[in-house]
Amino acid sequence: MSENLLEIKNLEKHFKLKKSIFSKVRVVRAVDDVTFSIPKNSTYAVVGESGSGKTTLGRTLLKLIEPTGGEVIIRGVNIFELNNKDFMEFRRRMQIVFQDPYNSLHPRKLVKTIIGEGMKIHFKGIGEEEIRNRIKTVLEQVGLREEHMFRYPHEFSGGQRQRIAFARAIVLNPEFIVLDEPTSALDVSVQAMVLKMLKETKRDENLTYLFITHDLSVVDYLADYVAVLYLGQIVEKGKKADVFTSPAHPYTELLLSSNPIPDPFLKRDKIIAKGEIPSPINPPSGCRFHTRCRYAQEKCKLEEPIEREIREGHLVKCHFPLI
Amino acid sequence: MMDKRGNLLNVSDLHVVFYTYRGVIKALNGVELWMNKGERLGIVGETGCGKSVTSRAVMNLIEEPGKIISGSVVFEDRDILKLKEDEVRKIRGNEISMIFQEPKSSLNPVMNVGFQIAEVLGKVNNKSIKSQYKAAAEMLEFVGLDSERVMSMYPHELSGGMAQRVMIAMGLAPNPKLLIADEPTSALDVTIQAQILELLDDLVEKMGNAVMLISHDMGVVAEFCNKILVMYAGNSAEYASTEKLFKKPMHPYTTGLLKAVPQIGRTDELKAITGTVPDLVDPPSGCRFHKRCPQTMEICKKERPPFIQVEEDHYVACHLYSQKGGENK
Amino acid sequence: MSKSTAKTKTGWVQLMRPYFEDMKHTMYLWRRNKLAIVGTIIIGAFLFIAIFAPLLTPYQPDVQNLSNKLLPPSSEHPFGTDQFGRDILCRILYGSRIAIQIVLIVTVISSLIGISVGVTAGYFGGIVDEILMRITDMFLAFPRLVLAMAFAAMLGPNLANMIIAISLVNWTPYARISRAEALRVKGQPYIESIRSMGASNFRIMFSHVLPMTISPVLVQLTLRMGTIIITAAGLGFLGLGAQPPSPEWGVMVSDGRSYLIDQWWVSTFPGLAIAIVVLGFNLLGDGIRDMMDPRLRR
C-alpha cells in the first residue's frame, strides 16, 4: 500500500438557504460526510452528475469554500485548523485548475503576469529574471513556447488556455492539484492533447491529482482510483480497475451503462434510469439512490446503508451490492 | 453531381458566409449531404466546423450578418432556398422541425407548458389553441411526462431532462418528415442523456421520422445514427454508414478523431490531432485540413479535394482517394 | 499551431497588438454610428475652441467698452455685445475654457470617490457594502441640483467651491456602476483562481477587480459630462458658482436676464452654447455606450 498524501475525513459542506425571514431555513447538503484518502502520486477521480457536489467538494478541501465540518489532513496536519499565515504554505502546495478555460484567466493580463502572480505572492523577494526563467520552463513543460508569455488570454484557443491555467498551477511546485473538469469545455482532438500533457507532467513532477469530472471515459484514461458521488455522498470508491470492471453500486452500474460508446459493433443493453436526479435540498430518505434504483427494495427507503468493504480497498454504500 | 442521392433531402454545394468586422467568415464551403426518408443522419465535428450552421441553412434560417451565397437545399422536390418566405414557413415546423441544445431557453418563460404545446398543435392542425389542450396532454404522456402536473408548469420549474422532453413533444407534434436535433443532450447529465436518446429512438422508430442529429460526441452518434457525416472547417469530409465509418475511416481527419476519443476499456494511447481548427476568415488553401494532416501531399495545398464516392454508402473528400491524388502518390 | 502563434515577434508591437485589434473594431463600430460621429465633431470643436480661444477672436473677454453696449449681432460682433459692451462671441469662446476646466476636474474627483466607494462596497459586500451604499442612497435621495446648491452655498460661492460641490453630488452613479461591476467580476472564475493562489484581498481588489470596472465607468463618465456642464451653468446662473465678470456660460445667461425681451442675444447665445456642448457630450456618450455594448462586441 502506498503512502497517502491527503486524507479527507467526514468532510461536510452544508449551505443554508434562506428565502425570507419568515420561512424555515433549508439546508443544501452539498457535501455530506465524505471520507477518502488519496495515495501519493496517484490520480483520484471523483465522478458525479450535476447536484452531486463534486465541484463543492474540490473547493471545500482547498478551503476556497469554508467547510462546515470534517478534516483534511496533509502530511499529518489538518489544514482547517491552521491560521492564515501557516496555511499559506499549503495554499502553494495545493493548486486547482478550473473547468472554464475562457473565464479562468484574467482577460486584461499578460500570460506572464498571470503565471508569475503566484510566484510573487509565495516567493517573496524573487527577481524578475528568475520569474521569467521559471515561467519559460513551465510554459515549455505544458507545450507552449517562451514568446507566449507576452500575449493575452483571448489570443489562445481553449486548449492552449487550459495549458496556461495548468502552467499557473505547477509554477509554484505544488504536490497536489485539483483538476475541476479540465477538459469538458474542449473539443475531443484538443482534449486528447491536454490529457496527455496532464499525464506526462504528473509523472515528471511527482504530482498527485484529484480529478473531478462527469465523463467516465476520461476517468478510465487518467485515473488510478475512483469515487462515485451521488447527492453529496460517496456511494462507491476503490481502484479504478475494480470499480469499472465490476461495479458494486447500482448507480455506478447505471453511469457506466449510460456512457455512450463510440463503437457501433459493441452491442449492449443499456440500463435506462428511472426519473430525474433528486434535488440535494431535500434528498430521498434511506438510501439516496432508491428513487432511481432498479434493484430498490423496502429496506432501501427506510434505512441508510452503511459503507462496507467488499474487497480490499473497494468500498460501497448499498444494502444489496452487486457483487 | 446534381443527381438526387437521397429521397428526402439533398443539400449540395452549400456556401454560407458571415460578415464581421474582421472580414468574411467562410463558414460553409460547399457542404454536401443527403438523407433518405426515415433515416438517421449524425453530423459530427469540432466547434466551428459548421454543423449547426448547416442545420440552420437547411431550414433557411440563416440571419444577419450571415448569408447563404450559393447552393441548393432540395427537400423532397422543392428547393427551400428558392421558395418564398411564407412557403418556407409552411415547411418549417410542419415538415421539418427542430430541437435545440438549451431546451429551457428555447421555451417561452412566461407561458405554461400546456399552452406552448397546444399552440404548436393549433398551428399544425389549423385549429384554435383551446381545442388542442387534450391533444397536448396526450403529447406529454407520449414523451413520458405526467401531463396533469406538467401541463400547468412554467419552463423554470422543469428540470433539464423534462424541458428536453417537452421540446421533443413540440418537435414531434406535427409528425415532421425531418426532425433536426442540434446537440439535444449536450447540456444534460449522462443518465438523463441516456433516457432522452432512448425516448427519441423509440418515438422516431414508431413514427418513422428522419432525424438529423448534430453532436460533438462520437459515442452519441454511433449509438443513435445509421449514417454519419463528418464535417471539418465548413466542408463535408466524410459520409458513410455508421458501421463503415467506424470500421474503415478514410479521411485522415476521421481517423484522427476516432483515435482521439477516450473510451472505457480502451488500452491504446490516445493520439491527438496536431494543430488547431483554422480561422475561417482566412482558411487554408486547397484542402482545409492539409496543415494538420499527417498524410498531406503537394496537391492538398493547391486544390480542394472533390467529394467522391469510394464505395457504396461511403463518400470522402480527400486527395488520397481522388484521381489526381492517386497520380501523385 | 494557428497562424498568429507562428510569428515570433516580441517587443512592443506584440504587446500592443490586442489594443490595435480592439481599436480597429472600435473604429468600425464608430463609423457605423452616425450620431456618435456628430457628437465627436461637436466635442472636437469644443476642445479646439477651448485651446485656441485667444487666436479666434480679436477681443478680450472682460475688457469693458460702454460705448458699444448692447449692440445687436453684426459682422463686427457676430453674437452682439452685452451691457458692458463686451463681445459675446469672444466671451463664449473664453467661457469654453472654464467649462472644460469644470468638466475635467469634476470628472477626476468624482470618479475617484465613486470608484473607490463602489469597488470597496462591491468587493467586500456584507456590512461594508450596506454602510457605503446607504450613504450613497442618502446622496441620491436629494435632487442633484438642490444638493449641489446646498453645498455651494455652504462653501461660499466661487468657482473652486462650485467644482467641489458638483463633485460631491456627482460621484454616486460611478459608485453604483463600479459596485455592480465589482460584484460581477468578483464572482468570475479568474478571480477565484487568483484567490486559490493565496492572493490577499488588497491585491485582488486593486490589481484584478479594479481594472475590470474601469471601462463601464468610462462610458458613464462621458455620458455625465453633459450633466456636469448643465449643473455648473445652473449654479452659475443662480449666483452660486463662478462670479461675474467671469465668462462662465451660466453667469452670462444670468447677466442677460433683464434684457431678454429687447436684447435677446445676450442670454440666447451662451444658452445655445450650453445646449450644443451638452448635446455633443450626450451623443458621444451614447455612441461610446453602444460601442462598449457586449452584444455588439465580438
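Rules of the game
- Residues numbered from 1 in each chain as written.
- Chains lettered and ligands numbered in written order.
- Predicted model: local features only at pLDDT ≥ 70, side-chain atom pairs only at ≥ 80, totals over all residues.
- Heavy atoms only, no water.
- Helix = DSSP H or I, 4+ residues; strand = E, 2+ residues; numbered from the N terminus.
- Rg over C-alpha atoms; globule rule 2.2 N^0.38 Å.
- Buried < 20%, exposed > 50% of the residue type's maximum accessible area, 1.4 Å probe, protein only.
- Lys, Arg positive; Asp, Glu negative; His and termini not counted.
- Charge placed at Lys NZ, Arg CZ, Asp CG, Glu CD.
- Contact = heavy atoms within 4.5 Å.
- Buried area = accessible area lost by both parts, 1.4 Å probe.
- Salt bridge = Lys/Arg side-chain N within 4 Å of Asp/Glu carboxyl O.
- Polar contact = N/O pair within 3.5 Å; in protein donor to acceptor, adjacent residues only side chain to side chain.
- Pairing = 2+ DSSP bridges.
- Axes fitted to C-alpha atoms, helices over the stretch in contact; angles between N-to-C directions.
- 1 Å grid on protein atoms, 1.4 Å probe; cavity = no way out; pocket = protein on both sides within 12 Å on 5 of 7 lines; lining within 4 Å.
- Points joined across faces, edges and corners; volume = space filled by probe spheres on them.
- Phe/Tyr/Trp six-rings, centres within 6.5 Å; stacked < 30°, edge-to-face > 60°.
- Lys NZ or Arg CZ within 6 Å of the ring centre and 35° of its normal.
- Patch = residues over 30% accessible without salt bridge, like charges linked within 9 Å, V, L, I, M, F, W, Y side chains within 5 Å.
- Areas by Shrake-Rupley, 256 points an atom, 1.4 Å probe, with all protein chains shown as cover.
- Core = buried A, V, L, I, M, F, W, Y, C linked by side-chain atoms within 4.5 Å.
- Right-handed = clockwise from strand over helix to strand, strands pointing away.

As for the overall build of chain B
Point 1. Within chain B, the secondary structure is distributed over 13 helices and 12 strands.
Point 2. Relative to a compact globule of 329 residues, whose C-alpha radius of gyration would be 20 Å, chain B shows 21 Å and is just as compact.
Point 3. Taken along its principal axes, the extent of the C-alpha atoms in chain B is 65 × 50 × 40 Å.
Point 4. By the burial criterion, 57% of the 329 residues in chain B qualify as buried.
Point 5. Computing the positive centroid from 39 side-chain charges and the negative centroid from 42, chain B places the two 4 Å apart.

A short note on the interface of chain A and chain B
Point 1. The partner chain B presents 38 residues to the 39 residues of chain A that form the contact.
Point 2. Both faces considered, chain A and chain B share a buried interface measuring about 3,300 Å² in area, 62% of it formed by carbon and sulfur atoms.
Point 3. Where chain A touches chain B, the interface holds one salt bridge.
Point 4. Across the pair B:Glu223 and A:Lys270 runs a salt bridge whose closest N-O atoms are separated by 2.8 Å.
Point 5. At the junction of chain A and chain B, the tally comes to 13 residue pairs in polar contact (both at pLDDT 80 or more).
Point 6. Those elements that place two or more of their residues in the side of chain A that touches chain B are helix H6 (188-205), helix H7 (216-222) and helix H9 (250-258) of chain A.
Point 7. The biggest single contributor to the side of chain A that touches chain B is H6(A), with nine residues.

Topic: unusual backbone geometry
If a residue is not glycine, its phi is most likely negative; likewise, a peptide bond is most likely trans.
Point 1. With an omega of 10 degrees, the peptide bond between C:Pro244 and C:Pro245 qualifies as cis.
Point 2. Structurally, C:Pro245 can be placed in the loop between helix H10 (201-237) and helix H11 (249-255).
Point 3. A positive phi angle, close to 45 degrees, is found at A:Leu231, a residue other than glycine.
Point 4. In this structure A:Leu231 comes out as buried when scored by relative accessible area, which is 2%.
Point 5. Here C:Leu70, not a glycine, exhibits a phi torsion of approximately 55 degrees, which is positive.
Point 6. By secondary structure assignment, the location of C:Leu70 is in the loop between helix H3 (34-56) and helix H4 (88-124).

Concerning the sheet that holds strand E5 (residues 77-78) of chain A
Strands pair in a sheet through their backbones, by hydrogen bonds, and they do so in one of two ways: parallel or antiparallel.
Residue and element names in this part refer to chain A.
Point 1. Pairing in this open sheet of four strands is antiparallel, and the strands run E2-E1-E4-E5 from one edge to the other. The two strands at the open ends of the sheet, each matched to only one other strand, are strand E2 (26-39) and E5.
Point 2. Two strands pair when backbone bridges link them, and strand E1 (residues 4-17) and E2 are joined in this way by 10 bridges, in the antiparallel orientation. Looking at E2, one finds that Phe 15 is bridged to Val 28.
Point 3. Lying on the sheet, helix H1 (residues 54-61) is in contact with E1, E2 and strand E4 (69-74); it crosses E1 at an angle near 115 degrees.

Notes on the sheet that holds strand E6 (residues 96-99) of chain B
Residue and element names in this part refer to chain B.
Point 1. Overall, mixed pairing links the eight strands, which are arranged E6-E7-E8-E3-E9-E10-E12-E11 in an open sheet. Of all the strands in the sheet, just E6 and strand E11 (308-311) have a single pairing partner and so form its edges. Across the sheet, the mean angle separating the axes of adjacent strands is 20 degrees when strand polarity is ignored.
Point 2. Judged from the four bridges that link them, E6 and strand E7 (residues 178-182) form a sheet pairing that is parallel. Residue Met 98 lies in a different strand from E7, and its bridge partner there is Ile 180.
Point 3. Docked against the sheet, helix H7 (residues 160-172) engages E6 and E7, running at close to 175 degrees with respect to E6.

Some words on the side chain of A:Arg288
All names here are of chain A.
Point 1. Among the structural elements, Arg 288 can be located in the loop between H9 and helix H10 (298-302).
Point 2. The buried category is assigned to Arg 288, whose relative accessible area is 10%.
Point 3. Non-local contacts of Arg 288, meaning those with residues more than four positions away in its chain, are made with Arg 29, Asp 32, Tyr 230, Leu 231, Gln 233 and Pro 283.

What about empty space enclosed by the protein?
All names here are of chain B.
Point 1. Applying the stated criterion to the full structure yields nine cavities of 30 Å³ or more.
Point 2. Quantified by volume, the largest cavity comes out at close to 130 Å³.
Point 3. As for the largest cavity, its lining consists of 15 residues, and the residues nearest its centre are Asn 235, Ser 236, Ala 237, Pro 305 and Ala 317.
Point 4. Of all the secondary-structure elements, those providing two or more residues to the lining of the largest cavity are strand E2 (23-35) and strand E10 (235-241).
Point 5. Ranked by residues supplied to the lining of the largest cavity, first place goes to E10 with three residues.

Regarding the packing of aromatic side chains
Point 1. Tallied over the full model, the rule gives 24 aromatic pairs over all chains.
Point 2. Look at B:Tyr239 and B:Tyr315: their rings are 6.0 Å apart centre to centre, the planes differ by 70 degrees, and that puts the pair in the edge-to-face class. Residue B:Tyr239 is found in strand E10, and its partner B:Tyr315 is found in strand E12 (residues 314-316); the two are separated by 76 residues along the sequence. For the residue pair B:Tyr239 and B:Tyr315, the accessibility class agrees, reading buried in each case.
Point 3. Arranged with centres 4.1 Å apart and planes meeting at 5 degrees, the rings of C:Phe79 and C:Phe269 form a pair that is stacked. Residue C:Phe79 is located in the loop between H3 and H4, and its partner C:Phe269 is located in helix H12 (residues 265-292); the two are separated by 190 residues in the primary sequence.
Point 4. Members of the aromatic cluster, connected to one another through ring pairs, are B:Trp34, B:Tyr239, B:Phe307 and B:Tyr315.
Point 5. A:Lys63 extends its terminal NZ or CZ atom over the ring of A:Phe87, reaching a point 4.6 Å from the ring centre.
Point 6. A cation over a ring is seen here: C:Arg257 above C:Phe237, with NZ or CZ 5.2 Å from the ring centre.

Quick word on a nonpolar patch on the surface
Residues and elements named next belong to chain C.
Point 1. Residues Leu 47, Phe 48, Ile 51, Phe 52, Leu 55 and Leu 56 make up a contiguous nonpolar surface patch of about 590 Å² in total accessible area.
Point 2. Along the chain, Phe 48 falls in helix H3.
Point 3. Classification of Phe 48 as partly exposed rests on a relative accessible area of 45%.

Thoughts on the nonpolar core
Point 1. Counting residues in hydrophobic clusters, the biggest one holds 83 residues, and the most contacted among them are A:Ile115, A:Phe166, A:Ile177, A:Leu179, A:Leu198, A:Tyr251 and C:Val209.
Point 2. Core analysis: the next-biggest nonpolar cluster, separate from the first, contains 69 residues, B:Ala137, B:Met218, B:Cys225 and B:Tyr253 among them.

Section: the pairing of strand E7 (residues 176-180) of chain A
Residues and elements named next belong to chain A.
Point 1. Taken across its five residues, E7 has five buried, putting it largely inside the fold.
Point 2. What you see with E7 is no split at all: Phe 176, Val 178 and Asp 180 on one side and Ile 177 and Leu 179 on the other are buried throughout.
Point 3. The pairing of strand E6 (residues 94-97) with E7 spans four bridges and is classified as parallel. What sits directly across from Val 97, in E7, is Leu 179.
Point 4. Of the pairings in the sheet, the one linking E7 to strand E8 (residues 208-213) comprises five bridges and is parallel in character. Looking at E8, one finds that Val 178 is bridged to Leu 210.
Point 5. The parallel pair E7 and E8, bridged by H6, forms a crossover whose chirality is right-handed.

A few points about the side chain of C:Gln220
Point 1. Among the secondary structure elements, C:Gln220 is positioned in helix H10.
Point 2. Not counting chain neighbours up to four residues away, the residues in contact with C:Gln220 comprise C:Pro173, C:Tyr174 and C:Ile177.

Observations concerning the pattern of salt bridges
Point 1. Taken as a whole, this structure holds 50 salt bridges over all chains when the rule is applied.
Point 2. Across the pair A:Arg292 and A:Glu49 runs a salt bridge whose closest N-O atoms are separated by 3.7 Å. In this pair, A:Arg292 is assigned in the loop between H9 and H10 and A:Glu49 in the loop between strand E3 (43-47) and H1, connecting sequence segments 243 residues apart. Neither residue differs from the other here; A:Arg292 and A:Glu49 are each classed as buried.
Point 3. Beyond isolated ion pairs, a larger network of salt bridges with shared partners links B:Lys37, B:Glu76, B:Asp77, B:Arg78, B:Glu95 and B:Lys177.

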